[in-house]
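Structural description and commentary
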Amino acid sequence: MEPCLLPYLGNNLVPSDAEIHKAKTLRMTSLTSLSTVHTEANTRTIALTRNLKARITTLRNSIHECDIILSPIRHLPADVLREIFSLCLVTHRNPCLSIHEAPLLLIRVCSAWRGIALTYPRLWARLHIQIPGYYPDAPELTEPTMHLGKVSRANHVKRLKNCGTAVQEWLNRSGSYTLSISVVSTSHYLCLSDNANLMVGLVDTIISFSHRWHEFELNVSIAIYPLFHLRLSPDSVPLLRDLRVSSPDGLTASMFSDLLRGLMSAPDIRTISTAFADYNLNNLRRFPVPSNWAQSTHLYLQFPVRQEWIFDILKQCRNLVACKFVVVIFGDQDAILTPKVDLPLPFLKFLSVNAISQDWDPYVTRIFDYVQAPLLQTIEHHTYPRVKPTVLSPLISMLQRSKGTLKKLSIDPGTIPSEMIECLREAESVVHLVYGTMTRPLYVTPHDCPPEDIDLSIFGPSNTPQDSSIAPGCPTSKFLLPNLEVFEAFEVGHLTDEILIEFIVSRLDPTQKGCARLKRVHVQFQKKGQTDIASEVLRRIGAVGISDFKLDVSYFDDLPRIENVTWKHHVDIDIET
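Residues numbered from 1 in each chain as written. Predicted model: local features only at pLDDT ≥ 70, side-chain atom pairs only at ≥ 80, totals over all residues. Heavy atoms only, no water.

Helix and strand counts for the chain come out as 14 helices and 19 strands. Scored against the burial criterion, the 577 residues of the chain give a buried share of 46%. A fraction of 74% describes how many contacts in the chain between residues 6 or more apart in sequence connect residues 24 or more apart. (Helix = DSSP H or I, 4+ residues; strand = E, 2+ residues; numbered from the N terminus. Buried < 20%, exposed > 50% of the residue type's maximum accessible area, 1.4 Å probe, protein only. Contact = heavy atoms within 4.5 Å.)

What follows is the structure, encoded as structure tokens:
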């Protein structure tokens, strides 16, 4: 600041023209200098910031590298890593030949993990094999993942070779462990002349380890079955305890007879499950029951068989814990089931009997009259085709014998009303009630399962309405199924949304005495939705403090039901604290 200008900083005098000129010149000079200093400061700041950021990055990288070196997993013993690796395996099925999941994913992390994983036989004792299928119209694929099933002819042979090699290497790593093997095919085009030898080679590789099979699942087309069961005998599977056999195709009596003499007669068998899509009544016979089935605990024959053969089985298999049968009713049941023979099954907890009969036969459910199961917890009974009301009289007698132990009941809703009420009255300990079936069995066509009508009014107090089917002097409870917590209904036809809402709300009312509160409701309608059930239920129960109720309602997009129709308009409420 010029000396001549300083006095003006402390007064309000008017400077002269010369002094004003000096002030303007000084101001302009200062502005120019300020701009220069700003530019220099910015330049130095950018350079300093860049240097500091570089130092920060270097230090962070150093810390990260030190963290890698000091990572606790480096210090984990190999046996702990093995246990961690074993917990990485999928649990809903066997691990497959994919680099995107354990154990193949683990060997791609580092050499140390690779060495540990490859030398841990337990990781390789389970394998899901999806046989590459040939689809004539499939495009050329270059994806190397071998578990994909849909390939073109050009890629089929290559994948079949790779699959055989990979299976051999995988199972060689399993050491002496017992094996869980599942084999699945998704195509019928598997035994072409140009790759039949490769298919046989793959099957031979799988069978070469049969002496260590503990669990074995086979779900392939019927054309592939001879490659397995004709090469296997009971002696070749000495450790087999769990066998699951199914096919999207039909079953012949000769094939099933081969299975009975082979895999199903394994000396240590405990669980047998079979499911086939088609059947021929002319092929159904009364097969000899393998003697080793006496030790079995779980038996699921999910294809139609003659009822007399089921009785032969139950007479021999007294150790069953769970069993499921599909009964075909013939006209000569009188001679077979008379006189009555008790079938004691002291360990049985799950019993499922589905019946196939064009006309109702009094022996459809006679099996419930004969079975004595003091520990029974679950009963399933469905009849196909559903052209007439299901008769539950024999089932009622079993419910009377199972009071206090039965927890789940699955039946057809299209039942004689008086018998339905009596049936539910005898099932007072039931916690879980299912009307219909979520998944239609392979052997049932859509025409065999028309929409069912459900009467939910019977679940109100027994005095409203009065029911003439209740015998005089019979003790009555205020509600049917007073312990009901889970309600499911499938293929529901003419039940209105309003009635369903009233049923749900009545069973959620905390002021109701004499019945448990619903926790879950799952209903699949074969109609279009009319009411926003979810919002209405939420509104009705919101004021009473319900915190753990789940509602799942689905509506069919089109009617009548056909094979390719999908479920839409899905509503799912889950209220939890």
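Still more to cover.
So, about unusual backbone geometry. Cis geometry marks the peptide bond from A102 to P103; its omega dihedral reads 5°. Here P103 lies in the loop between α2 (78-87) and α3 (111-118). Phi at L481 takes a positive value of approximately 50°, unusual for a residue other than glycine. Assignment of secondary structure puts L481 in the loop between β15 (432-435) and β16 (486-492).

Turning our eyes to something else, we now look at the pairing of strand β14 (residues 408-411). Bridge count between strand β13 (residues 378-384) and β14: 4 bridges; the pairing is parallel. The residue bridging T378 from the neighbouring strand is K408, located in β14. (Pairing = 2+ DSSP bridges.)

Together, I73, L76, V80 and I84 line one region of the surface with nonpolar side chains, adding up to about 260 Å² of accessible area. Its place among the elements puts V80 in helix α2. With a relative accessible area of 33%, V80 lands in the partly exposed category. (Patch = residues over 30% accessible without salt bridge, like charges linked within 9 Å, V, L, I, M, F, W, Y side chains within 5 Å. Areas by Shrake-Rupley, 256 points an atom, 1.4 Å probe, with all protein chains shown as cover. Salt bridge = Lys/Arg side-chain N within 4 Å of Asp/Glu carboxyl O.)

Pairing of strand β4 (residues 179-185) with strand β5 (residues 213-219) involves 6 bridges; the strand directions are parallel. Each residue of the ladder has a partner; that of S182, found in β5, is E217. Across 5 bridges, the pairing between β5 and strand β6 (residues 242-250) is parallel. Bridged to E217 within β6 is R244.

Applying the stated criterion to the full structure yields 13 salt bridges. Of the charged contacts in the structure, one is a salt bridge between E40 and R44, with a shortest N-O distance of 2.4 Å. Of the two residues, E40 and R44 both sit in helix α1 (residues 17-70), 4 residues apart, roughly one turn of that helix. Under the relative-accessibility criterion, E40 is labelled partly exposed at 38%. For R44, a relative accessible area of 58% corresponds to the exposed category. A salt bridge links R241 to D268, with the shortest nitrogen-to-oxygen separation between them at 3.0 Å.

Attention now goes to the packing of helix α13 (residues 497-508) against helix α14 (residues 533-541). Between α13 and α14, the least distance of the axes is 10 Å, while the angle of their chain directions is 30°. Between α13 and α14, the angle is such that the two are roughly parallel. At the point where α13 passes α14, the crossing takes the right-handed sense. Contacts between α13 and α14 pair D497, L500, I501, E502, I504, V505 and L508 from the former with I533, E536, V537, R540 and I541 from the latter. Looking at the contact of α13 with α14 residue by residue, the class counts come to 8 nonpolar, no polar and 4 charged. (Axes fitted to C-alpha atoms, helices over the stretch in contact; angles between N-to-C directions. Parallel < 35°, antiparallel > 145°, perpendicular 65-115°, else oblique. Left-handed = near helix turned anticlockwise from the far one by under 90°. Nonpolar A, V, L, I, M, F, W, Y, C, P; charged D, E, K, R; others polar.)

Structurally, E101 is set in the loop between α2 and α3. With a relative accessible area of 13%, E101 lands in the buried category. Here E101 is in contact with V90, R93, P95 and C96, once residues within four sequence places are set aside.

Moving on to the environment of C88. Positionally, C88 belongs in the loop between α2 and α3. The class for C88 is partly exposed, based on a relative accessible area of 39%. Taking C-alpha positions, C88 is 7.7 Å from P103, a pair spaced 15 residues apart along the chain.

Packing of α2 against α3 brings their axes to within 10 Å, and their N-to-C directions diverge by 75°. As far as their axial angle goes, α3 and α2 are roughly perpendicular. Counting all contacts with α2, which are made through A78, L81, R82 and F85, the residues of α3 involved are W113, I116 and A117. The class makeup of the residues in the contact of α2 with α3 is 6 nonpolar, no polar and 1 charged.

For helix α8 (residues 307-316), a buried count of 8 out of 10 residues is recorded, marking the element as mostly surrounded by other parts of the structure. Within the sequence span of α8, burial applies to Q307, E308, W309, I310, F311, D312, I313 and L314.

With that out of the way, let us pick up the packing of aromatic side chains. Taken as a whole, this structure holds 8 aromatic pairs when the rule is applied. A centroid spacing of 6.2 Å and a plane angle of 50° characterise the contact between W293 and W309, whose relative ring orientation is tilted. With a gap of 16 residues between them, W293 in the loop between β7 (271-278) and β8 (298-306) and W309 in helix α8 connect regions that are remote in the sequence. A relative accessible area of 0% means that W293 is categorised as buried. We classify W309 as buried; its relative accessible area is 0%. Among the aromatic residues, those joined into a cluster by ring pairs are W213, F216 and F228. Against the face of W124 rests R173, its NZ or CZ located 4.6 Å from the ring centre. (Phe/Tyr/Trp six-rings, centres within 6.5 Å; stacked < 30°, edge-to-face > 60°. Lys NZ or Arg CZ within 6 Å of the ring centre and 35° of its normal.)

On to the nonpolar core, then. Judged by nonpolar contacts, the single largest core of 130 residues is most densely connected at W213, W293, Y435 and F487. The residues contacting W213, other than those within four sequence positions of it, are L179, I181, I206, I207, L232, V237, L239, L240 and L263. (Core = buried A, V, L, I, M, F, W, Y, C linked by side-chain atoms within 4.5 Å.)

Once that is clear, we can look at helix α12 (residues 417-426). Owing to its 3.6 residues per turn, the α-helix aligns residues three or four sequence positions apart on the same side. Burial of α12 is extensive: 7 of the 10 residues sit out of reach of the surface. Listed in full, the buried residues belonging to α12 are E419, M420, I421, C423, L424, R425 and E426.

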